[in-house]
Each structure stands twice: as C-alpha cells, then as structure tokens.
Amino acid sequence: MGPQKLAVLDLWPSWELSLRAKNRSPATIRNYRVHLLTFAKWFEAFTGTAPIVEAVEQQHIELFIADQIERLSVSTAATRFRCLRVFFNWAADEGEIGTNPMERMTPPKLEEPEVPIFSDDELRAILEACEGKEFSQRRDSAIIRLLIDAGLRASEIMNLSTVDIDLVGRTASVMGKGAKGRTVAYGNKTAQALDRYLRSRRAHKSADSNALWLGVRGPLGTTGLTQMLRRRSESAGVKGVNPHRFRHTWAHKWLAAGGQEGDLQHLAGWATGDMLRRYGASAKAERAREAHHRLALGDEL
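Residues numbered from 1 in each chain as written. Predicted model: local features only at pLDDT ≥ 70, side-chain atom pairs only at ≥ 80, totals over all residues. Heavy atoms only, no water.

Engineer: Explain the overall build of the protein chain to me, using residue names and the numbers behind them.
Structural biologist: Per the secondary structure count, the protein chain includes twelve helices and three strands. Within the protein chain, buried positions represent 39% of all 301 residues. For the protein chain, restricting intrachain contacts to residue pairs at least 6 apart in sequence, the fraction spanning at least 24 positions comes to 60%. Accessible surface, the protein chain: about 17400 Å² in total, of which carbon and sulfur atoms supply 49%. (Helix = DSSP H or I, 4+ residues; strand = E, 2+ residues; numbered from the N terminus. Buried < 20%, exposed > 50% of the residue type's maximum accessible area, 1.4 Å probe, protein only. Contact = heavy atoms within 4.5 Å. Areas by Shrake-Rupley, 256 points an atom, 1.4 Å probe, with all protein chains shown as cover.)

This is how it looks when you write it as structure tokens:
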C-alpha cells in the first residue's frame, strides 16, 4: 500500500491550526479558507480530479490566476495568489510537498486605482453636520476628527477602549492587524473633541463599559460606524464617505505636507512598504495636479 495522497483541502485543518498559532485574525483565516476552496473547485473543474497537493504544478496556479484576472479582477487574483503562496510555503515547510510550485512565481502586477480623497471643504461640511452639544453629536464629532487626524482603520477606531486614550499626551493605543499594537498621535482639536465626548459619556447608561464608543443600546461597532457616517455625510451633502477614504486622505495629506514615508508607515501600522506605495499611488495624481497648478508652466508663454 502506497503513501496516502492528500488533497489540498485535506490539509486545511492543519493549516488552520498553524494560522491560529500565528495569531492570525478570524477574518484572515476565513478569507484564506474561501480562497483555498475556490482554487480547489477550479482545479477539479479544470482537470476533472481533486487537487492532490503533490500534483499541483506551477502551470496549474498560473492558469488559475489568469482565469481569475479574466473573469474577476487583477486585485482579486492578487489576493488569491497571496493566499496560495502562504499555503504552499507552509506545506513545503511542513514536508507535505517536496517541491513548492510557487517558489519561482511572482504576483500579478496591480494597476493602482486613483482613490478619491476628501477636499478640505468636504471634511469641514462633514464636521459641521456633527456640531452640537447632544451626546451623539459629540461622539460623532470625536470619531470623525480621529479618523481625519490619525487615519485609523475602521476596526482599530471602533475597538478602542477608554483606557487607550491619553488626552494629555494626545495619543491613542491601537491594536492593529495581526494583533500588533502601536501608538498614534492626534492634534489639539481632536483632543478637545474627545474630551467633550468623554464628559458627555459619563451620563450614559453604559458608562461603566470599557468600550470607548457607545450607542443607544451599548458599545458601538463597525456597523454602527458605517451607519453614522452615512447619516452625517447625507446631511453634509458629501458622497462616497467611508472609513477607508478618510485613511487615504490622511495619508495623502501627510505626504503632500512633506511628511516622511517611514513615519507614515509606522503610524499607519504597515508592516512593509507595499501598502505605503499603494496609498501613495492613490493620491499621486492629485499631488501631480497640484504641482502643475503651482508651476503653471503654460502661463509663462
């Protein structure tokens, strides 16, 4: 009797255990499973057999990635490429395969889209939509100013606790992706908005909660953040408002003001320069237009 031939999905429980041991987030693990399952289904439809892990070759993965680019998008294909690379690297390290089929492969090149950033007038309009002394107005003003000032991810800002905020030092302790903590800074106006909110928060029925942001029924989550931004943006007459756009705008303003890329990478919680280049590219066109207006070369003639 020969050695057991394991299919790709047969190794999922062991790979999942490895991911958990590395403290990968539940969302990341779910996404990895979906992408691995997608590849397995494609392989079976293409070859007529289940993907035996030892039988997967580089050409199979190349055909799969090409299929994803053609039917879906380069971005989706690149995400699935990264997932498969993590899986086959793990399988090789564990001795489940003799040769890593992705060892010499490179990910598909992403053409970065031009993500729109907020104008100063749009940001002012959104902040004006939150003005007032009511609890929700002070809370929303503090959240939006922190998004503008610190460029936090939606999960990062909504997972803040009351002890994470240092009004004197104007810093916040944030838990980022991969359970990596960092300290971010914010300015005087954001500190003032946070102070006003925290004073209003004392009278809330859930004031004893550790969660920083409170809603009608208790702690506010990312869904509550999305709903709040939708209400405030509609009132302000600003379209396309989401937490990610605040982060892009913050990164753009940092670079446009001459901020150092290394400092931006640290403050944003990016482990590598890949995301720095991605966010920089998203606002590069805007900075180029601003430079053109400033230089006004055509006006010299």
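After that view of the structure, there is still more to cover.
Engineer: Give a detailed account of unusual backbone geometry, specifying residues and quantitative values.
Structural biologist: The phi dihedral of Asn23 falls on the positive side, at around 65°, and the residue is not glycine. Examined against the element boundaries, Asn23 turns out to sit in the loop between helix H1 (12-21) and helix H2 (26-47). Judged by relative accessible area, which is 43%, Asn23 ranks as partly exposed. A positive phi angle, near 55°, is found at Arg170, a position not held by glycine. As for its placement among the helices and strands, Arg170 is situated in the loop between strand E1 (165-166) and strand E2 (171-175). Under the relative-accessibility criterion, Arg170 is labelled partly exposed at 33%.

Engineer: Any details on the packing of aromatic side chains? Residues and values, ideally.
Structural biologist: With the rule as written, the count across this model stands at 13 aromatic pairs. Each ring, one from Phe87 and one from Phe88, has its centre 5.0 Å from the other, and the planes form 75°; the classification is edge-to-face. Given a relative accessible area of 0%, Phe88 falls into the buried group. The positively charged end of Arg245 is found above the aromatic ring belonging to Phe118, 4.1 Å away from the centroid. (Phe/Tyr/Trp six-rings, centres within 6.5 Å; stacked < 30°, edge-to-face > 60°. Lys NZ or Arg CZ within 6 Å of the ring centre and 35° of its normal.)

Engineer: A description of the pattern of salt bridges should follow, citing residues and the corresponding values.
Structural biologist: Under the definition given, this model contains ten salt bridges. A salt bridge links Asp195 to Arg199; the nearest nitrogen and oxygen atoms lie 3.0 Å apart. Linking Asp195 with Arg199, this pair stays in helix H8 (residues 188-201), spanning four residues, or about one helical turn. Within the structure, one salt-bridge network assembled from shared partners comprises Arg139, Asp140 and Arg232. (Salt bridge = Lys/Arg side-chain N within 4 Å of Asp/Glu carboxyl O.)

Engineer: Would you mind going over the pairing of strand E3 (residues 181-185) in detail, with residue names and values included?
Structural biologist: Side chains Arg182 and Val184 of E3 all project onto a buried face; the interleaved residues Gly181, Thr183 and Ala185 project onto a face where none is buried. Bridge count for E2 against E3 is five bridges, and the pairing is antiparallel. In the sheet register, Thr171 faces E3, and the bridge partner there is Ala185. (Pairing = 2+ DSSP bridges.)

Engineer: Let's hear about a nonpolar patch on the surface: which residues, and what values?
Structural biologist: On the surface, a nonpolar cluster with roughly 180 Å² of combined accessible area is contributed by Ile69, Val74 and Leu110. Structurally, Val74 is set in helix H4 (residues 74-93). (Patch = residues over 30% accessible without salt bridge, like charges linked within 9 Å, V, L, I, M, F, W, Y side chains within 5 Å.)

Engineer: Let's hear about the sheet that holds E2: which residues, and what values?
Structural biologist: Pairing within the open sheet is antiparallel, and its three strands lie in the order E1-E2-E3. Each edge of the sheet is formed by a strand with only one pairing partner; in this case those strands are E1 and E3.

Engineer: So, the packing of H1 against H4: which residues are in play, and what are the values?
Structural biologist: Interhelical geometry of H1 versus H4 gives an angle of 100° and a closest axis separation of 11 Å. In terms of axis orientation, H1 runs roughly perpendicular to H4. Judged by residue contacts, Ser14, Trp15 and Ser18 of H1 engage Cys83, Val86, Phe87 and Trp90 from H4. By residue class, the composition of the contact of H1 with H4 is five nonpolar, two polar and no charged. (Axes fitted to C-alpha atoms, helices over the stretch in contact; angles between N-to-C directions. Parallel < 35°, antiparallel > 145°, perpendicular 65-115°, else oblique. Nonpolar A, V, L, I, M, F, W, Y, C, P; charged D, E, K, R; others polar.)

Engineer: Explain the packing of H2 against helix H3 (residues 58-71) to me, using residue names and the numbers behind them.
Structural biologist: Following both chains from N to C, one finds H2 and H3 inclined at 105°, their axes separated by 11 Å at the closest point. Between H2 and H3, the angle is such that the two are roughly perpendicular. Together, Thr38, Phe39, Trp42, Phe43 and Phe46 of H2 and His60, Ile61, Leu63, Phe64, Asp67 and Gln68 of H3 make up the contact between the two elements. Of the residues assigned to the contact of H2 with H3, the class counts are seven nonpolar, three polar and one charged.

Engineer: Tell me about helix H10 (residues 243-256), residues and numbers included.
Structural biologist: Each full turn of the α-helix corresponds to 3.6 residues, which orients residues three or four apart in the same direction. Taking 1.5 Å as the rise per residue, H10 with 14 residues should run 20 Å; its terminal C-alpha atoms sit 20 Å apart, in good agreement. Those residues of H10 not exposed but buried are Pro243, Arg245, Phe246, Arg247, His248, Thr249, Trp250, Ala251, His252 and Leu255. Two to three positions downstream of the cap, the backbone nitrogen of His244 sits 3.1 Å from a side-chain oxygen, assigning the N-cap of H10 to Asn242. Of the residues one or two after H10, Gly258 is the one with positive phi, at around 90°. (Expected span 1.5 Å × (residues − 1). Polar contact = N/O pair within 3.5 Å; in protein donor to acceptor, adjacent residues only side chain to side chain.)

Engineer: I'd love a proper account of the pairing of E2, names of residues and values included.
Structural biologist: Residues Ala172 and Val174 of E2 are buried on one face, while the alternating residues Thr171, Ser173 and Met175, pointing to the opposite face, are not. Of the pairings in the sheet, the one linking E1 to E2 comprises two bridges and is antiparallel in character. For Asp166, the partnering residue across the bridge sits in E2 and is Thr171. Turn length for the E1-E2 hairpin, with the two strands adjacent in sequence and antiparallel, is four residues, and the turn residue Arg170 shows positive phi of about 55°.

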